[in-house]
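Observations on the three-dimensional arrangement
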Amino acid sequence: MPRWIEIALTTDGEAAEAIAQELYPFCHQGLSIEQLGIMPGAWDDGDVPPPTAVVVRGYFLEDERAESTRAEIERILGYLNMMYPMPTPEYRLVDDEDWAEAWKANYHPVRLGRRIFIRPLWVEAEAEPQDIVISLDPGMAFGTGTHPTTQLCLEALEDHVKPGQQVLDLGCGSGILAIAAAKLGAAHVLGVDIDDVARRVTDENAAVNGVAQQITARTGTLEDVLATGQTFDLIVVNILARVIISMCQQGLGQTLRPGGQAILSGLILEQADEVEAALRQAGFIPTARRLQGDWVAIEAHKVA
Amino acid sequence: MAKKVKAIVKLAIQAGKANPAPPIGPALAQHGINLMGFCKEYNARTSNRIGEIVPAEITIFQDGSFKFILKSPPTSFLLMKAAGIQKGASRAPLETVGKITRKQIREIAEVKKDDMNAIDIEGAMRQIEGTARQMGLEIVEN
């Protein structure tokens, strides 16, 4: 399990950007700047005064390069100090799992569509007898059932999955959509994701939900699916507009049998026209949009 | 009724590449907000700006919900792009790594002015000139 070294500098708003730009090359994937002095509950949205103090935080791995990274950062802060008084950096070690667990306290059972009931594995909850219960431990993969696009896809699956179907879930994440399709009667679901963590989590969640026999999870891409030559009765793709458009150009249409149903999400309303245009080019006929806030799921079918 | 604010966090991160690793995980998990929810929304809204640093300012509310707005790229990123350099000077102000014109400074000020607390465009330009000098850029007329 990797550990991270957190560097934190408490400063004013003016120096924060200069510090952030100097630290950026040394820190993993960027920096956070948190405004200090906000009394919880004291301010309405839009009324918070500009920051007088902020804390700039960055992270680098605790590995053999950590000491030299730290020395280099301190050297650069020394130069910055010639122009503006710099705070003394504070360091602490952070385990990789701290935040992965912390947010779970906010994760509650969700009821969707007519019968779908999503329960976090660590929460005891009473389901109704007719419910289709999906128990989930989403870990670090996407797809927790709380995101609007996941909910839109689940509702669409409830309307479109028919017993005995072959289903493809591209970008399967935690496996939530694959599990729902299996529980709604699909004969078999192929879940594919470029992230190997997603494949593992999908396998684990399928086993927990008693549908491991109906779900195959693979690490791979659309290209890998096309290489098998298999076609599906229903495909669900919940990723991003840009990825869906690119998949349309790479042969997404060939994965669906004539007359088959597609559900596409992960996009916002302003992207829907562009995605639908790409779908038409790829041989789909968009038939409906489902909306939740700014988020959209597009339903489409392929001419029989 | 307006929502009560719990925290405000700005993340300087790469467009389209948000994930639960640091700095996003530690910054947001401490406030109990759905990490994957944020990452997915950020990636969707920045997917057409791959390769840029697009900061997000996240307002976290007492009820655990959140919203965010995208900010203009950091001044340093825009200065490096304009000056055609990969990184700033590591020993500024003792070292010069490139040049930037006042016209370019003005263009950057136009992009950044809404995110800066400058009174007018000249004030924004003065702040940007300060950042340019910190990075080891020489400011020239043309």
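Summarised in this report is the structure supplied together with it. Think of each chain on its own: its residues are numbered from 1, step by step along the sequence as written. Chain A is the first chain written and ligand 1 is the first ligand written, with later ones labelled in order. Local features in this predicted model are restricted to residues whose pLDDT is 70 or higher, and side-chain atom pairs enter the listing and the counts only when it is 80 or higher, whereas totals over whole chains, interfaces and linings include all residues. As a rule here, side-chain values come from all non-hydrogen atoms in the structure, and water together with hydrogens is ignored.

Focus: the interface of chain A and chain B
The accessible area lost on association of the parts is a frequent measure of interface size. Applied cut-off: Should any heavy atoms of two residues lie within 4.5 Å, those residues are counted as being in contact. We define a salt bridge as a side-chain nitrogen of Lys or Arg found within 4 Å of a carboxyl oxygen belonging to Asp or Glu. What qualifies as a polar contact is a pair of N or O atoms within 3.5 Å, subject to a donor-acceptor requirement within protein and to the restriction that residues adjacent in sequence count only when both atoms come from side chains. Strands are runs of DSSP state E lasting at least two residues, helices are runs of H or I lasting at least four, and both sets are numbered from the N terminus onward. Polarity classes work like this: nonpolar for Ala, Val, Leu, Ile, Met, Phe, Trp, Tyr, Cys and Pro, charged for Asp, Glu, Lys and Arg, and polar for all others, with Gly in that last group. Paired strands are those between which DSSP finds at least two bridges.
Contacts between the two partners involve 51 residues from chain A and, on the opposite side, 57 residues from chain B. Taken together, the connections running from chain A to chain B amount to two salt bridges. At the junction of chain A and chain B, the tally comes to 14 residue pairs in polar contact (both at pLDDT 80 or more). Looking at the side of chain A that touches chain B, the elements with two or more residues in it are α1 (13–23), β2 (31–35), β3 (54–61), α2 (66–80), α3 (98–102) and β12 (256–268) of chain A. Per-element accounting of the side of chain A that touches chain B gives the leading share, five residues, to β2 of chain A. Grouping the constituent residues of the side of chain A that touches chain B by class yields 26 nonpolar, 16 polar and nine charged. Direction of pairing for β2 of chain A relative to strand β1 (residues 5–12) of chain B: antiparallel, over a ladder of four bridges. Along β1 of chain B, the bridge assignment pairs I33 of chain A with K10 of chain B.

Regarding a nonpolar patch on the surface
Rules: Only residues whose relative accessible area exceeds 30% and that take part in no salt bridge are eligible for patches, with like-charged residues grouped when within 9 Å of each other and nonpolar side chains (Val, Leu, Ile, Met, Phe, Trp, Tyr) grouped when within 5 Å. To measure how exposed things are, a 1.4 Å probe is used in the Shrake-Rupley method; for residues, cover is taken only from the protein chains shown. Throughout this description, buried means an accessible area under 20% of the type-specific maximum (1.4 Å probe, protein chains only), exposed means over 50%, and partly exposed covers the range between.
On the surface, M82 and M83 of chain A together with L94 of chain B cluster together to form a nonpolar patch covering roughly 300 Å² of accessible area. Structurally, L94 of chain B is set in the loop between α3 (75–83) and β4 (98–101). Look at L94 of chain B and you get exposed, because its relative accessible area is 56%.

Digging into the layout of surface pockets
Selection criterion: In this analysis, the protein atoms alone were mapped onto a 1 Å grid. Cavities are point sets where a 1.4 Å probe fits without being able to get out; pockets are open sets with protein on both sides within 12 Å along at least five of seven lines; lining residues have an atom within 4 Å of a point. Grid points are joined across faces, edges and corners, and a volume is the space filled by probe spheres set on the points.
Considering only enclosed or pocket space, the largest pocket measures out at about 1,300 Å³ in volume. What lines the largest pocket is a set of 45 residues, and nearest its centre among them are G13 and P51 of chain A together with K10, D115 and N117 of chain B. Breaking the lining of the largest pocket down by element, the ones donating at least two residues are α1 and β2 of chain A together with β1, β2 (56–61), β3 (66–70) and α5 (121–134) of chain B. A per-element tally of the lining of the largest pocket places α1 of chain A first, with seven residues.

Digging into the sheet that holds β1 of chain B
Whenever strands of a sheet pair, they do so through backbone hydrogen bonds, lying parallel or antiparallel. Heads up, the rule is: The angle between two axes is taken between their N-to-C directions and runs from 0 to 180 degrees, where each axis is a line fitted to C-alpha atoms and a helix contributes only its stretch in contact.
Taken together, seven strands build an open sheet; the order of strands is β4(A)-β1(A)-β3(A)-β2(A)-β1(B)-β2(B)-β3(B) and the sheet is antiparallel. Each end of this open sheet is capped by a strand with a single partner; those strands are β4 (90–95) of chain A together with β3 of chain B. On average, each strand axis in the sheet is inclined to that of its neighbour by 25 degrees, with strand direction left out of account. By the bridge criterion, eight bridges tie strand β1 (residues 3–11) of chain A to β3 of chain A in an arrangement that is antiparallel. Within the sheet, the bridge partner assigned to T10 of chain A lies in β3 of chain A and is V55 of chain A. Contacts from α1 of chain A reach β1, β2 and β3 of chain A, with the element oriented near 150 degrees to β1 of chain A. Sheet strands touched by helix α2 (residues 35–46) of chain B: β1, β2 and β3 of chain B. Its angle to β3 of chain B, the strand with the most contacts, is close to 25 degrees.

Observations regarding the sheet that holds β12 of chain A
Residues and elements named next belong to chain A. In spatial order, the strands read β10-β9-β8-β11-β12-β14-β13; together these seven strands make up an open sheet with mixed pairing. The sheet is open, and its two borders are formed by β10 (215–219) and β13 (284–292), each paired with just one other strand. Pairwise comparison of adjacent strand axes, ignoring direction, gives a mean angle of 15 degrees for this sheet. The sheet contact formed by strand β8 (residues 166–170) and strand β11 (residues 232–238) spans four bridges and is parallel. Residue V167 lies in a different strand from β11, and its bridge partner there is L234.

So, helix α4 (residues 148–160) of chain A
Residue and element names in this part refer to chain A. Our working definition: What a helix should span is 1.5 Å times the count of its residues minus one.
Between its first and last C-alpha atoms α4 spans 18 Å; for 13 residues at 1.5 Å apiece the expected length is 18 Å, and the two agree. Extensive coverage of α4 is indicated by the burial of eleven of its 13 residues. Of the residues making up α4, those classed as buried are P148, T149, T150, Q151, L152, C153, L154, A156, L157, E158 and H160.

Quick notes on the packing of α3 of chain B against helix α4 (residues 102–112) of chain B
Residues and elements named next belong to chain B. To keep it simple, the criterion reads: Helix crossings fall into two classes, left-handed where the near helix is turned counterclockwise from the far one by less than a right angle and right-handed where it is turned clockwise.
One can describe the packing of α3 onto α4 by two numbers: an axis separation of 10 Å at closest approach and a directional angle of 145 degrees. Read as a crossing pair, α3 and α4 show a hand that is right-handed. On α4, the residues that touch T75, L78, L79 and A82 of α3 are Q104, I105, I108, V111 and K112. Of the residues contributing to the contact of α3 with α4, the split by class is six nonpolar, two polar and one charged.

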